[in-house]
Amino acid sequence: QVQLVESGGGLVQAGGSLRLSCAASGRTFSRYAMGWFRQGPGKEREFVAVISWSGGSTYYADSVKGRFTISRDNALKTVYLQMNSLKPEDTAIYYCAAGGAYHTAASRFDSWGQGTQVTVSS
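Right, let's walk through the structure included here. (Residues numbered from 1 in each chain as written. Predicted model: local features only at pLDDT ≥ 70, side-chain atom pairs only at ≥ 80, totals over all residues. Heavy atoms only, no water.)

Moving on: the pairing of strand 8 (residues 78–83). Put simply, side chains in a regular strand alternate between the two faces of the sheet. Where burial is concerned, most of strand 8 is hidden: five out of the six residues are buried. Two strands pair when backbone bridges link them, and strand 3 (residues 18–25) and strand 8 are joined in this way by six bridges, in the antiparallel orientation. If you follow Ser-21 over to strand 8, its bridge partner there is Tyr-80. Taken together, the six bridges between strand 7 (residues 68–73) and strand 8 define a ladder with antiparallel strand orientation. Across the sheet, residue Ser-71 finds its bridge partner in strand 8, namely Tyr-80. Here strand 7 folds back onto strand 8, and the loop between the two strands holds four residues, one of which, Lys-77, carries a positive phi near 50°. (Buried < 20%, exposed > 50% of the residue type's maximum accessible area, 1.4 Å probe, protein only. Helix = DSSP H or I, 4+ residues; strand = E, 2+ residues; numbered from the N terminus. Pairing = 2+ DSSP bridges.)

The following block contains the structure:
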């Protein structure tokens, strides 16, 4: 198991930007996928973005494609989510997750961070 800690959330006006970070500790293998998920008020947890640690492949939900960018720094054991052109609909608790495969289903990720709140005002 890997321990994950998110940071970088906060309050921002519509159209603004935020950069989330997720620091990992413990054993981390390059074959593990690292993903970002979010859960808005009264909504179910949804996929946001995923990155392969071994191949540099990325995939995004349609709702954030072109606005969000996921990246990694294996030396620092950290994954990032750069969020630009934020909308009120992006308001949610954002969770970092680690799994043994490259996929988009939350159920396939085994380790989760505590979450960080992102609030976009209009």
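Moving on from the model shown.
This brings us to the nonpolar core. Ranked by internal contacts, the top residues of the largest apolar core, which has 34 residues, are Trp-36, Val-79, Leu-81, Met-83 and Tyr-94. When residues of this core are traced back to their parent elements, those giving at least two are strand 3, strand 4 (33–39), strand 5 (46–52), strand 7, strand 8, strand 9 (92–99) and strand 11 (116–121). What Tyr-94 contacts, discounting residues up to four positions off in sequence, is Glu-6, Leu-20, Trp-36, Phe-37, Arg-38, Val-48, Phe-68, Leu-81, Met-83, Gly-115, Thr-116 and Val-118. (Core = buried A, V, L, I, M, F, W, Y, C linked by side-chain atoms within 4.5 Å. Contact = heavy atoms within 4.5 Å.)

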